[in-house]
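Each chain is listed here by its residues.
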There are 2 protein chains.
Amino acid sequence: MVVTLSGPTTEPTSAADLDPAAGEVAPPDCSIARALGVIGDRWTILIMRDAFRGIRRFDDFRRDLDIARPVLADRLRKLVDAGVMVKRRYQTHPERFEYRLTPMGMELSPALVALMRWGDRWLNDGHPPTILVHEPCGSELEQGFWCRTCQQTFSPGDIASRHPHSDPHTDHDPDHDPATGATR
Amino acid sequence: MVVTLSGPTTEPTSAADLDPAAGEVAPPDCSIARALGVIGDRWTILIMRDAFRGIRRFDDFRRDLDIARPVLADRLRKLVDAGVMVKRRYQTHPERFEYRLTPMGMELSPALVALMRWGDRWLNDGHPPTILVHEPCGSELEQGFWCRTCQQTFSPGDIASRHPHSDPHTDHDPDHDPATGATR
DNA sequence: TGAGGTGGGTTCATTCGGCGAACCGACCGC
DNA sequence: GCGGTCGGTTCGCCGAATGAACCCACCTCA
């Protein structure tokens, strides 16, 4: 019951039969690393958080985060380049711009929500948690893994990975210690 | 339908080590910022990813990530201090240690899974996605927001927030443009 | 007997990126 | 024509990240 979070470490084709030791030292990439290439920066994530909260203008970001102007300008530019945000003129004459989340950016919300909930759970020094609710009914949101077949949620311990071009059965780590695992 | 991801705002940086006695402005932190104080570093997140993949030893982390030794030592120490990992001697004589996820660390998996899926979806330059499955039945995992009351999943657009000490009704942003919003 | 390898670090010098301060320009209201 | 707002850029400093080198205890092999 190993939770494998990345793609093949070496090459996308097939980890085993292709000789990986030959040339490349660094594995080209995994999706988490690619994601971090875009939002893997403390400021960037906080900018995204603010964007979800409805902040859109340069100066509002700056004030809220107390971030240095050059850094903010740089991060916003990179986010726009990456396609996570769009820069949009909202008035002419004094040209003014706002930064909005694209659909790509919006889809980061599960990651941010997960982070927030983790922080609330394990790092709340006295701070009350932020409670997210299902807007239509008002009851508290849960976030989890869902199996459409079994029609049930499940915990991280029940995750296995299946790599596209390799053996379709689950990874298994014989040495894995369940004591550190899923539930407390 | 603003998705409010944070609690009270101000003070983004230096989550942990900030002097708490400085009884300054009211809300010292938000949970995302606190979480980033622990894992808000590119290397740290990659270390966590590797840990989920079953890597436990210093040198294996180092080789897999191609990270500088001092940085790895520093990050592992910080993760242990934060309670996300434990350092455990697995042999005496030449004393050797391994680093394992604690339950606190395990619970980061939703965030990492969300990140991975986002990366797979939006940043796959030709890389096939890693498919995660529900181990007992083998069908593909879905990750989403779940409402226990309505017994259904829902999208980020249906999230509202409720702050403990404030108005219990939902945040609403009149200026929000659905065009950039939830679904594509 | 030693040569070389492994695991888990630390120390040190250098480079890189974050930061605050200052500046800029187009507009506004007054 | 004075100060204020918005959205930046340039500049210089400094601390953090980095790679290289070193350390040490142990093991294998010859």
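See the structure above.
Keep in mind that this is a model prediction, so the values were computed, not measured.

(A) Representation of the overall build of chain A. When you go through chain A residue by residue, the secondary structure sums to six helices and six strands. Helices and strands in chain A line up, N terminus first, as α-α-α-α-β-β-α-α-β-β-β-β. Per-residue burial over chain A gives 46% buried out of 184 residues. Of the roughly 9,000 Å² that chain A leaves accessible, carbon and sulfur atoms contribute 50%.

(B) Spotlight on the protein's contact with DNA strand C. Close contacts around DNA strand C come from 23 residues, with Trp43 and Arg75 of chain A together with Arg69, Phe97 and Tyr99 of chain B the closest. Here the atoms of DNA strand C within 4 Å of the protein split so that 65% fall in sugar or phosphate, with bases taking the remainder. Between DNA strand C and Tyr99 of chain B, the relevant distance is 2.5 Å, taken from a phosphate oxygen to a side-chain nitrogen or oxygen of the residue. Elements supplying a minimum of two residues to the surface near DNA strand C: helix H4 (69-82) of chain A together with helix H3 (58-65), helix H4 (69-82), strand E1 (85-91) and strand E2 (96-101) of chain B. Looking at the surface near DNA strand C residue by residue, the class counts come to 11 nonpolar, one polar and 11 charged.

(C) Broad picture of the sheet that holds strand E5 (residues 152-154) of chain A. The sheet built from four strands is open, its strands ordered E5(A)-E4(A)-E4(B)-E5(B) with antiparallel pairing. Of all strands in the sheet, those with a lone pairing partner are E5 of chain A together with strand E5 (152-154) of chain B, marking the two edges. Direction aside, neighbouring strands of the sheet carry axes that sit 65° apart on average. Judged from the three bridges that link them, strand E4 (residues 141-147) of chain A and E5 of chain A form a sheet pairing that is antiparallel. Residue pairing for E5 of chain A: Cys147 of chain A is matched across the bridge by Gln152 of chain A. Along the sheet face, helix H6 (residues 109-122) of chain B touches E4 of chain A together with strand E4 (141-147) of chain B and points at about 120° away from the line of E4 of chain B.

(D) Seen up close, the environment of Asp50 of chain B. Residue and element names in this part refer to chain B. Assignment of secondary structure puts Asp50 in helix H2 (residues 42-52). Asp50 sits in the buried class, given a relative accessible area of 0%. Ignoring sequence-local partners within four residues, the contact set of Asp50 consists of Ile55, Phe61, Asp64 and Leu65.

(E) Spatial organisation of the protein's contact with DNA strand D. By nearness alone, 21 residues border DNA strand D, and Arg69, Lys87, Arg96 and Tyr99 of chain A together with Trp43 of chain B come closest of all. Between DNA strand D and Arg69 of chain A, the relevant distance is 2.5 Å, taken from a base nitrogen to a side-chain nitrogen or oxygen of the residue. Here a phosphate oxygen of DNA strand D and a side-chain polar atom of Tyr99 of chain A are 2.4 Å apart. Of all the secondary-structure elements, those providing two or more residues to the surface near DNA strand D are helix H3 (58-65), H4, strand E1 (85-91) and strand E2 (96-101) of chain A together with H4 of chain B. When the residues that make up the surface near DNA strand D are grouped by side-chain class, the tally is 11 nonpolar, one polar and nine charged.

(F) Layout of the pairing of strand E3 (residues 131-134) of chain A. What you see with E3 of chain A is no split at all: Ile131 and Val133 of chain A on one side and Leu132 and His134 of chain A on the other are buried throughout. Bridge analysis of E3 of chain A against strand E6 (residues 159-162) of chain B gives four bridges, and the strand direction is antiparallel. Across the sheet, the residue bridging to Leu132 of chain A is Ser161 of chain B, located in E6 of chain B.

Reading guide: rules and limits
- Residues numbered from 1 in each chain as written.
- Chains lettered and ligands numbered in written order.
- Predicted model: local features only at pLDDT ≥ 70, side-chain atom pairs only at ≥ 80, totals over all residues.
- Heavy atoms only, no water.
- Helix = DSSP H or I, 4+ residues; strand = E, 2+ residues; numbered from the N terminus.
- Buried < 20%, exposed > 50% of the residue type's maximum accessible area, 1.4 Å probe, protein only.
- Areas by Shrake-Rupley, 256 points an atom, 1.4 Å probe, with all protein chains shown as cover.
- Near = heavy atom within 4 Å.
- Polar contact = N/O pair within 3.5 Å; in protein donor to acceptor, adjacent residues only side chain to side chain.
- Nonpolar A, V, L, I, M, F, W, Y, C, P; charged D, E, K, R; others polar.
- Pairing = 2+ DSSP bridges.
- Axes fitted to C-alpha atoms, helices over the stretch in contact; angles between N-to-C directions.
- Contact = heavy atoms within 4.5 Å.

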